[in-house]
Amino acid sequence: MAGAETSNGNAQRGDTLPNGDVYVGNFDGLVPHGMGKYMWTDGSLYDGEWDKSKMTGRGMIQWPSGASYEGDFRGGFIDGTGTFKGVDGSVYKGSWRMNKKQGMGTMVYSNSDSYEGLWNEGLPDGYGKYTWAAGNIYIGSWKSGSMNGRGVMQWINGDTLDCNWLSGLAHGKGYCKYASGACYIGTWDRGVKDGHGIFYQPGSKIPCNLEVSECATDNDGTSASSSSNEKVKVGLLFLLQNLCNKWGLRRFFHRPRRISNGTTPIFVDDSGNHLPQDPPNKSLSSKEHLQNSDVHKDLVYEREYIQGVLISEQPKGKHSGMLDSGETQENTWQKQERGPMETIYKGHRSYFLMLNLQLGIRYTVGKITPVPLREVRSNDFGPRARIIMYFPCEGSQYTPPHCSVNFFWKDYCPMVFRNLREMFHIDAADYMMSICGGDSLKELSSPGKSGSIFYLSQDERFVIKTLRKSELKILLKMLPKYYNHVKAYDNTLITKFFGVHRITLKAGKKVRFVVMGNMFCTELRIHRKYDLKGSTQGRSTKKQKINENTTLKDLDLAHAFHVDKSWRQALFRQIALDSMFLESQSIIDYSMLLGIHFRAPNHLKTATSHQNTLESSGITSAMDCNVPLHCEDANSSKGFLLVAHEPGTTVGGSHIRGSMVRASEGGYEEVDLVLPDTGRFRVQLGVNMPARARKLLESTDAVEEYDVVLYLGIIDILQEYNTSKRVEHAVKSLKFDPLSISSVDPNLYSKRFVSFLERVFPEQD
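In the nomenclature of an unreviewed UniProt entry, the protein is known as Phosphatidylinositol 4-phosphate 5-kinase of Triticum urartu. UniProt annotates the protein under Catalytic activity (unreviewed entry) with the comment "a 1,2-diacyl-sn-glycero-3-phospho-(1D-myo-inositol 4-phosphate) + ATP = a 1,2-diacyl-sn-glycero-3-phospho-(1D-myo-inositol-4,5-bisphosphate) + ADP + H(+)".

Structural data, given as structure tokens:
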């Protein structure tokens, strides 16, 4: 091709390259430099600026498919700001980084949906606004293309949901304002209401609740914050856009890579234009309530949902029956200003204690982990098997400087607990990150009956409890036998201990801690918790103290739980072994901690809704479930499925170690639990155990049934039957039935404990 000399000295000519590509434009020596056109053999064309053989500056590129881009290039990549038009008609205008949407940008999709906000690696990520073609709008946080974090969804008819979101579904505490003026404040679980909440009728005065949403209400009860917050957020979007245009990030690489046309991000919109609004009261229809709004203007209702099904509703302050109360009782659940726990912050009473604990555990685990793993020896047990270290604020030869107070650290039996953590497959790095990472611990808002304070790691895998000196002695005394018991029985239900520590402050105050596994660390919401000892004296909860976070007691339990026959046999075989061990150590006052996740109740969930649930979760046939071992027909209302176990596909639990249980109905095969719309879980003894809860209604002979998932374990195993307990038994026996009180001989306690649980888990007919 002919060439010519340009005024700036660069040669302008056209060349066919050895690989068949064609370039026409300016050169600097032998490389493209300046303005020029480049055509690849597949038909792709670039027309724009070059810098030493790399596309850099402004330009336009077209692909054979019809897609095109016009904007900034850098180092051979689309990098900066520009407009991309997809072959499907979609258009993106905004920031790019290395061929991917990155930063602030606006996308109009082929179906006329639009997104304006932050992007990361080609997907909506950060803060943004999504508008559906139908007019529905979501403004809030995104992660990897789906609604994730805090956000507000507004439907075209005026319904609004201000909630936490997870993978495109409402998940967590939220505030739902209906176009009618009604309001619901409560909790959602994967897109459906789940748990307790408060419903305000149209016209009722809605109080401000900063925990749910920073809202202000007018005299008519309408929210004054929705529109103002939205304006602020939209204004913020445009501010971010201007900043991103100024601070665009760029990198230097070679020739461009293919760019996808872009697809609609992951979101959940049922194509409806409103939120489903349950009737305000079972005794009146929605229409009747609206007609009588003047009469009931200030009525507020306490509600409870299970998996989206309304199971109870009563006017606030009136008498109502809880799900599993054996008698009519006052439901005093109220929206609490503080949840069951709070994150420890700087200035919190436990702040320095938390820092000391994290420093000590980080030091101990870091010191013991490099030691080659070996079997424990007799000298690894006892109070003399310990690590002691002083942590001055300014640091020392062995410890780093820190911003807490001076303290002494003692770690008991480090090799034993290192081996216990190994038994339960807890990685040392994960253990330290969970407890000692950048996040703070969480403190339970109310201490236990013993006065102990409980803390949770941020990921809630571990519970940290303060110990009395007597409890520490008992634990160290029983530790050798405990270690052998845990080692011998994979499926033991006894509390899992992972570390025992002591902090001594300068004033001489000593605080002792034990780190345990959290048996309720699960993706499923625990709707009810019970502490079951098998005794009756004082084993009920005062009705005025019951709320959604209450751990109930023996006499509060009105359900019996029916599990697979082989599971029941394995369960009581292990309960007997654990009870025998505790009896041999003269331990009493232990209890079975039972957590219950309720599926939607069978008598309220129709076959049609169940089938829809299966279809929406992608489970439409036995083939989709890897051939269920126990699956009712398509008209079943069962809230879960059991399928053959498939390693690597299930969600386990926190530090699961034991063998899997086998289902007798499936030929004694190991099984997984499939919960529609939720996930697939590994079933083990006391973990993710499906069952059917049955309750005989008092007024009739009818039976109320629920599909449930159970979590159970034996806790509080550090109380010996000592002299004080013998005295307590003697004194209480003068007033109460000696067999009904908690403090009894270990042998009797063990037998009564097992006998009571046999009634809780009866044999099936």
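Engineer: What exactly am I supposed to notice about the nonpolar core here?
Structural biologist: Judged by nonpolar contacts, the single largest core of 117 residues is most densely connected at F561, L710, I717 and F761. Ranked by residue count, the leading element in this core is helix α3 (residues 351-368), at ten residues. Setting aside residues no more than four positions away along its own chain, F761 makes contact with F561, V563, R568, L571, F572, L594, L710 and L712.

Engineer: When you look at the sheet that holds strand β34 (residues 560-562) in this model, what are you seeing that I'm missing?
Structural biologist: The strands making up a sheet are joined through hydrogen bonds of the backbone, oriented either antiparallel or parallel. Spatially, β33-β32-β35-β42-β41-β34 is the arrangement adopted by the six strands of the open sheet, whose pairing is mixed. Both edges of this open sheet fall to β33 (551-553) and β34, since each of them pairs with a single strand only. Going across the sheet, the axis of each strand differs from the next one's by a mean of 40°, ignoring polarity. Here β34 pairs with strand β41 (residues 689-696) via three bridges, running antiparallel. Note that in β41 the partner of A560 across the bridge is R694. Sheet strands touched by helix α7 (residues 565-584): β35 (591-598), β41 and β42 (703-715). Its angle to β42, the strand with the most contacts, is close to 35°.

Engineer: Explain the packing of helix α4 (residues 414-423) against helix α6 (residues 469-488) to me, please; I cannot follow it from the model alone.
Structural biologist: A pair of packed helices is characterised by two quantities: the angle between their axes and the separation of those axes. Two elements in contact, α4 and α6, have axes separated by 11 Å at closest approach and are oriented at 20°. Regarding the angle of α4 to α6, the classification is roughly parallel. In terms of crossing hand, the pair formed by α4 and α6 is left-handed. Residues V416, F417, N419, L420 and M423 of α4 form the contact with α6, whose own contacting residues are L479, Y482, Y483, V486 and K487. Broken down by class, the residue content of the contact of α4 with α6 amounts to eight nonpolar, one polar and one charged.

Engineer: Got a minute to help me understand the sheet that holds strand β26 (residues 407-412) in this structure?
Structural biologist: Ordered by their spatial adjacency, eight strands build an open sheet running β24-β27-β28-β29-β31-β30-β26-β25, and the pairing between neighbours is antiparallel. Each having just a single partner strand, β24 (341-343) and β25 (386-391) make up the two edges of the open sheet. Shown here is a sheet whose adjacent strand axes are inclined to one another by a mean of 25°, direction ignored. Bridge count for strand β30 (residues 497-505) against strand β31 (residues 510-517) is seven bridges, and the pairing is antiparallel. Bridged to R502 within β31 is R512. Each of β25, β26 and β30 is contacted by α4, which is oriented at about 140° to β30, the strand it contacts most. Of the strands in this sheet, β26, β29 (462-467), β30 and β31 are in contact with α6, which crosses β29 at around 125°.

Engineer: What's the story with the side chain of N688 in this structure? I'm lost.
Structural biologist: Mapping N688 onto the fold places it in the loop between β40 (679-682) and β41. In this structure the side chain of N688 is engaged in a polar contact, spanning 2.8 Å, whose partner is the backbone oxygen of R682.

Engineer: Explain helix α5 (residues 428-436) here, please?
Structural biologist: An α-helical turn contains 3.6 residues, so any two residues separated by three or four positions project in the same direction. Listing the buried residues of α5 in full gives Y431, S434, I435 and C436. Considered in projection along α5, the buried side chains sweep an arc of 160° and stay on one side of the axis. Along its buried surface, α5 packs onto α3, α4, β29, β30 and β31. With a side-chain oxygen positioned 3.0 Å from the backbone nitrogen of A429, the residue opening α5 is D427.

Engineer: How should the pattern of salt bridges be read in this particular structure?
Structural biologist: For the structure shown, the criterion picks out 22 salt bridges. We note a salt bridge from D672 to R680, for which the minimum N-O separation is 3.0 Å. Take D672: its relative accessible area is 0%, and that puts it in the buried class. When salt bridges with common partners are traced through the structure, they connect R692, R694, E705 and D707 into a single cluster.

Engineer: Looking at this structure, how should I read the confidence of the model for the protein?
Structural biologist: For any part of a model where pLDDT is low, the fine detail of the predicted coordinates should not be relied upon. With 72% of its residues at a pLDDT of 70 or more, the protein shows a mean pLDDT of 76. Counting contacts from residues 279-297, a segment whose pLDDT is below 50, to residues more than four positions away or on other chains yields 28 contacts. Residue range residues 319-338 is modelled with pLDDT below 50. Its contacts to residues more than four positions away, or to other chains, number 72 contacts.

Engineer: How do you make sense of the packing of α6 against α7 when you look at a structure like this?
Structural biologist: In the contact formed by α6 and α7, the axes pass within 11 Å of each other and the chain directions differ by 165°. One element, α6, and the other, α7, form an angle in the roughly antiparallel class. Here α6 runs over α7; the crossing is right-handed. Here α6 contributes M478, K481, Y482 and H485 to the contact with α7, which in turn contributes Q574, L577, D578 and F581.

Engineer: Even after reading the chapter, I still don't get a nonpolar patch on the surface, so can you show me in this structure?
Structural biologist: A grouping of I388, Y390 and F408 is seen on the molecular surface, where their side chains present a nonpolar patch of about 280 Å² in accessible area. Along the chain, I388 falls in strand β25.

Engineer: What should I look at first to understand α6 in this one?
Structural biologist: Helix length check: α6 (20 residues) gives 29 Å between terminal C-alpha atoms against 28 Å at 1.5 Å per residue, within 8%. Bending of α6 peaks at approximately 55° at the position of L479, with proline P480 no more than four residues after it. Buried within α6 are the following residues: E471, L472, I474, L475, L476, M478, L479, Y482, Y483, H485 and V486. Next to the buried residues of α6 lie β26, α4, β29, β30, β31 and α7.

Engineer: Help me out: how do you make sense of a negative patch on the surface in this one?
Structural biologist: A grouping of E422, D427, D430, D439 and D459 is seen on the molecular surface, where their side chains present a negatively charged patch. Inspection of the secondary structure puts D427 in the loop between α4 and α5.

Engineer: What am I meant to see in unusual backbone geometry here?
Structural biologist: Phi is mostly negative for residues that are not glycine, and the peptide bonds are mostly trans. The backbone of E121 sits at a positive phi, close to 55°, despite the residue not being glycine. Mapped onto the elements of the fold, E121 is located in the loop between β11 (114-120) and β12 (123-131).

Criteria and cut-off values
- Residues numbered from 1 in each chain as written.
- Predicted model: local features only at pLDDT ≥ 70, side-chain atom pairs only at ≥ 80, totals over all residues.
- Heavy atoms only, no water.
- UniProt positions renumbered as here; feature names shortened; annotations may be inferred.
- Core = buried A, V, L, I, M, F, W, Y, C linked by side-chain atoms within 4.5 Å.
- Buried < 20%, exposed > 50% of the residue type's maximum accessible area, 1.4 Å probe, protein only.
- Helix = DSSP H or I, 4+ residues; strand = E, 2+ residues; numbered from the N terminus.
- Contact = heavy atoms within 4.5 Å.
- Pairing = 2+ DSSP bridges.
- Axes fitted to C-alpha atoms, helices over the stretch in contact; angles between N-to-C directions.
- Parallel < 35°, antiparallel > 145°, perpendicular 65-115°, else oblique.
- Left-handed = near helix turned anticlockwise from the far one by under 90°.
- Nonpolar A, V, L, I, M, F, W, Y, C, P; charged D, E, K, R; others polar.
- Polar contact = N/O pair within 3.5 Å; in protein donor to acceptor, adjacent residues only side chain to side chain.
- Arc of directions from axis to C-beta.
- Salt bridge = Lys/Arg side-chain N within 4 Å of Asp/Glu carboxyl O.
- pLDDT = per-residue confidence, 0-100.
- Patch = residues over 30% accessible without salt bridge, like charges linked within 9 Å, V, L, I, M, F, W, Y side chains within 5 Å.
- Areas by Shrake-Rupley, 256 points an atom, 1.4 Å probe, with all protein chains shown as cover.
- Expected span 1.5 Å × (residues − 1).
- Bend = angle between axes of the 7 residues up to and from the residue.
- Lys, Arg positive; Asp, Glu negative; His and termini not counted.
- Charge placed at Lys NZ, Arg CZ, Asp CG, Glu CD.

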